[in-house]
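Okay, here's what each chain looks like letter by letter:
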Amino acid sequence: MKLVLIGAGYVGLTTGTCFASLGCHVSCVDLSETRISDLQNGHVPIFEPGLADLIRQMAAAGRLNFSTDLRDAVSSADFVFIAVGTPSRPDGDIDLSQVDAAARDIAPYLAENAIVVIKSTVVAGTARAVCEIIKKTRKGKSVRVASNPEFLREGSAIADFLEADRVVVGADDHSTAVALRSLYRPLIDKGIPFISTSTTDAELIKYAANAFLALKIGFINDVANICENAGGDVSAVARGIGTDRRIGENFLQPGPGFGGSCFPKDTRAFAATGRRYKAPQGLIEQLISANDERKAMLAERILGVLEPRRCSRVAILGLAFKASTDDVRESAALSLIETLLKEGVEVGAHDPQARRKAQDLFGADVTWHEDPYSAVRGADAVAIMTEWEEYRDLDLTRLSDLMAGKHLFDFRNLLVAKDVTGHGLFYHSIGRPLLWPRTLNGTSGMAEARPALSGIAASVV
Ligand code: UDX
Ligand code: UDX
């Protein structure tokens with residue numbers, strides 16, 4: 001089967017390459033000539049484990065190509081996937097302009113029985129609206145539009161496609177559903193459930209899935225706040241509840257607040273959809289505020305130990321919104337850097353993959369480092385923001401010797417508390433009380449409740 005992916009971003013590129021690995025012939029088309037020429041020259045513009053190799057293999061096998069010539073690619077395609085961006089508008093609702101533009105672009109060239117498949121995350125009713133846009137150009141001809149939301153996590157996107165928990169396809173006519181079922185036959189034959197619904201249900205499934213997953217994260221982050229002040233350990237609580245099969249262990253890792261190109265924008269769009277259909281999503285509205293407040297709260301924790309704030313130095317380890325990606329979209333590290341810079345704090349930063357993307361945003365306002373140890377040199381405080389394995393293995397003797405200050409903020413709970421306090425550092429983690437440096441007699445003071453942090457700054461010699 002011949003497929004076209006309109007939009008060669010994180011979603012389109014991974015989806016197209018995976019379909020090629022299933023035996024399809026795929027053209028990835030993008031507006032960006034730079035992106036397409038990079039791909040044609042073997043340079044993959046995003047970091048996704050395993051993707052560059054799979055692209056090379058599929059291109060060499062003649063089943064994957066890259067083009068800016070939408071007309072040529074679309075005119076011979078059986079399936080035309082729309083995988084363009086669906087960012088948030090200022091009011092939080094979805095911006096469908098790229099989807100509508102892509103629909104208008106492809107309409108004149110669609111083959112007789114081609115099926116348009118919306119892969120982008122879109123609100124309920126979009127597939128039907130796209131169908132109307134295309135019908136305007138293809139007077140009288142049949143137009144078939146399906147919804148096929150993706151459930152790809154950056155960093156594990158290939159496995160999330162080839163070993164999916166399920167495939168969801170929304171179609172409003174039987175022949176379209178049958179055609180999509182045959183396209184996904186290789187996955188169905190592996191035992192992956194194929195869920196066939198209306199287009200509206202498929203569109204709602206995507207948002208409800210992301211909203212629920214984000215809720216789980218927001219919940220465990222709230223539980224972490226209680227643990228910090230009650231002297232609990234959120235990891236123990238997460239384990240104790242996650243072993244209940246009704247809850248499940250996944251997505252109960254507390255952190256600095258969820259980021260990425262999906263949860264923040266999809267929760268905002270879902271809340272907007274609720275308002276639009278007079279079914280307000282109060283839980284999700286609250287979740288969005290709580291997630292934003294969390295990012296601000298953690299920045300205040302760091303500022304609280306800097307005395308004076310202006311000209312103090314903070315090292316940020318981790319810029320990507322999560323490990324195993326170079327994507328910094330709505331990363332908690334970005335909002336932390338913005339807050340610190342506003343307060344006149346000098347910021348140094350490191351990330352094994354995402355530094356260049358963050359540098360494009362902050363330029364010379366931040367000092368960028370090739371390795372974590374040069375980033376922490378002379379820092380009054382260090383904040384671990386992304387769960388890269390290399391931060392779990394930090395040499396704490398070297399780190400504490402290089403730092404000027406004594407405060408280590410581990411917002412991903414990567415480190416072993418006693419190792420940190422044993423190196424004379426204050427250990428600020430998530431969901432556990434603040435731990436004071438281990439004294440000479442080997443004891444480590446534990447703050448009963450989180451003390452006014454300015455008090456600590458004053459007391460630290
Ligand atoms: C994004 C969102 O993250 C995801 O939730 C949504 O489902 C799809 O859009 P992503 O792949 O991350 O997915 O988007 P992005 O990396 O921005 O890639 C979109 C690509 O589409 C860009 O390369 C852009 O140049 C291209 N594009 C956009 C077109 O080719 N044509 C258009 O008309 C608009
Ligand atoms: C998410 C959904 O998981 C995926 O199904 C959908 O298709 C796209 O959006 P992604 O945004 O790539 O995928 O990453 P994910 O692993 O879900 O993490 C999202 C954010 O939540 C990250 O900032 C991550 O650090 C955070 N997170 C995730 C937690 O804080 N705790 C967790 O337990 C899991």
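Residues numbered from 1 in each chain as written. Chains lettered and ligands numbered in written order. Predicted model: local features only at pLDDT ≥ 70, side-chain atom pairs only at ≥ 80, totals over all residues. Heavy atoms only, no water.

**Quick word on the site of ligand 2**
- In the vicinity of ligand 2, 18 residues are found, and the nearest of them are Glu154, Lys206, Gln253, Gly259 and Lys322.
- With respect to ligand 2, the backbone of Phe151 contributes an N or O atom lying 3.5 Å from an oxygen atom.
- Gln253 is positioned such that a nitrogen or oxygen atom in its backbone is 2.8 Å from a nitrogen atom of ligand 2.
- Within the complex, 93% of the 660 Å² of free accessible area of ligand 2 lies under protein.
- Across the shell around ligand 2, the residue classes break down as nine nonpolar, three polar and six charged.
- Structurally, the shell around ligand 2 is a two-domain feature, drawing no fewer than three residues from each of domain 1 (2-197) and domain 2 (198-461). (Near = heavy atom within 4 Å. Polar contact = N/O pair within 3.5 Å; in protein donor to acceptor, adjacent residues only side chain to side chain. Areas by Shrake-Rupley, 256 points an atom, 1.4 Å probe, with all protein chains shown as cover. Nonpolar A, V, L, I, M, F, W, Y, C, P; charged D, E, K, R; others polar. Domains from an automatic or database assignment.)

**Describing the site of ligand 1**
- Taken together, 18 residues are adjacent to ligand 1, and Val11, Asp30, Thr121, Ser261 and Arg329 come closest.
- At a separation of 3.0 Å, an oxygen atom of ligand 1 approaches a polar backbone atom of Leu31.
- Contacts to ligand 1 include Arg329, whose side-chain N or O atom sits 2.8 Å from an oxygen atom.
- Surface burial for ligand 1 is 87%, taken as the share of its 690 Å² of free accessible area covered by protein chains.
- Residues of the shell around ligand 1, tallied by class, amount to five nonpolar, eight polar and five charged.
- When residues of the shell around ligand 1 are sorted by domain, at least three fall in each of domain 1 (2-197) and domain 2 (198-461).

**Observations regarding the state of the cysteines**
- Tallied over the entire structure, the rule returns zero disulfides.
- Unpaired in terms of disulfides, Cys24 finds its nearest cysteine sulfur in Cys18, a separation of 11 Å.
- The buried category is assigned to Cys24, whose relative accessible area is 6%. (Disulfide = S-S within 2.5 Å. Buried < 20%, exposed > 50% of the residue type's maximum accessible area, 1.4 Å probe, protein only.)

**Examining the domain arrangement of the chain**
- The domain architecture assigned to the chain consists of domain 1 (2-197) and domain 2 (198-461).
- Computed over C-alpha atoms, the centres of domain 1 and domain 2 are 34 Å apart.
- In this assembly, 36 residues from domain 1 lie in contact with 32 residues from domain 2.
- Around 2600 Å² of area is buried between domain 1 and domain 2 when both sides are counted, 53% of it from carbon and sulfur atoms. (Contact = heavy atoms within 4.5 Å. Buried area = accessible area lost by both parts, 1.4 Å probe.)

**Some words on the packing of aromatic side chains**
- Scanning all chains against the criterion turns up ten aromatic pairs.
- Here Phe258 and Phe263 contribute two aromatic rings whose centre-to-centre distance is 5.9 Å and whose plane-to-plane angle is 90°, an arrangement assigned as edge-to-face.
- In this structure Phe258 comes out as buried when scored by relative accessible area, which is 7%.
- Members of the aromatic cluster, each reached through a chain of ring pairs, are Phe19, Phe81, Phe161, Tyr184 and Phe194.
- Positioned above the aromatic ring of Phe151, the side-chain terminus of Arg166 is 3.5 Å from the ring centre.
- Positioned above the aromatic ring of Tyr373, the side-chain terminus of Arg398 is 3.9 Å from the ring centre. (Phe/Tyr/Trp six-rings, centres within 6.5 Å; stacked < 30°, edge-to-face > 60°. Lys NZ or Arg CZ within 6 Å of the ring centre and 35° of its normal.)

**Section: helix 1 (residues 10-21)**
- Between the first and last C-alpha of helix 1 there are 17 Å, a value that for twelve residues agrees with the 16 Å anticipated at 1.5 Å per step.
- Counting buried residues along helix 1, ten of its twelve residues qualify, which places the element largely inside the surrounding structure.
- Buried within helix 1 we find Tyr10, Gly12, Leu13, Thr14, Thr15, Gly16, Thr17, Cys18, Phe19 and Ala20.
- Just beyond helix 1, the residue with positive phi is Gly23, at close to 110°. (Helix = DSSP H or I, 4+ residues; strand = E, 2+ residues; numbered from the N terminus. Expected span 1.5 Å × (residues − 1).)

**Focus on the packing of helix 10 (residues 199-230) against helix 11 (residues 234-242)**
- Orientation of helix 10 relative to helix 11, taken along the N-to-C sense of each, is 135°, at an axis distance of 9 Å. One finds that helix 10 runs oblique with respect to helix 11. Taken as a pair, helix 10 and helix 11 cross one another with a handedness that is right-handed. Across the interface between the two elements, Phe219, Ile220, Val223, Ala224 and Cys227 of helix 10 pack against Val234, Val237, Ala238 and Ile241 of helix 11. (Axes fitted to C-alpha atoms, helices over the stretch in contact; angles between N-to-C directions. Parallel < 35°, antiparallel > 145°, perpendicular 65-115°, else oblique. Left-handed = near helix turned anticlockwise from the far one by under 90°.)

**Section: unusual backbone geometry**
- Of the consecutive residues Glu307 and Pro308, the connecting peptide bond is found in the cis state with omega at 0°.
- Structurally, the position occupied by Pro308 is in the loop between helix 13 (282-303) and strand 9 (313-317).
- Positive phi, close to 55°, is recorded for Lys278, a residue that is not glycine.
- With respect to the secondary-structure elements, Lys278 resides in the loop between helix 12 (263-276) and helix 13.
- Taking relative accessible area as the criterion, Lys278 reaches 72% and is therefore assigned exposed.

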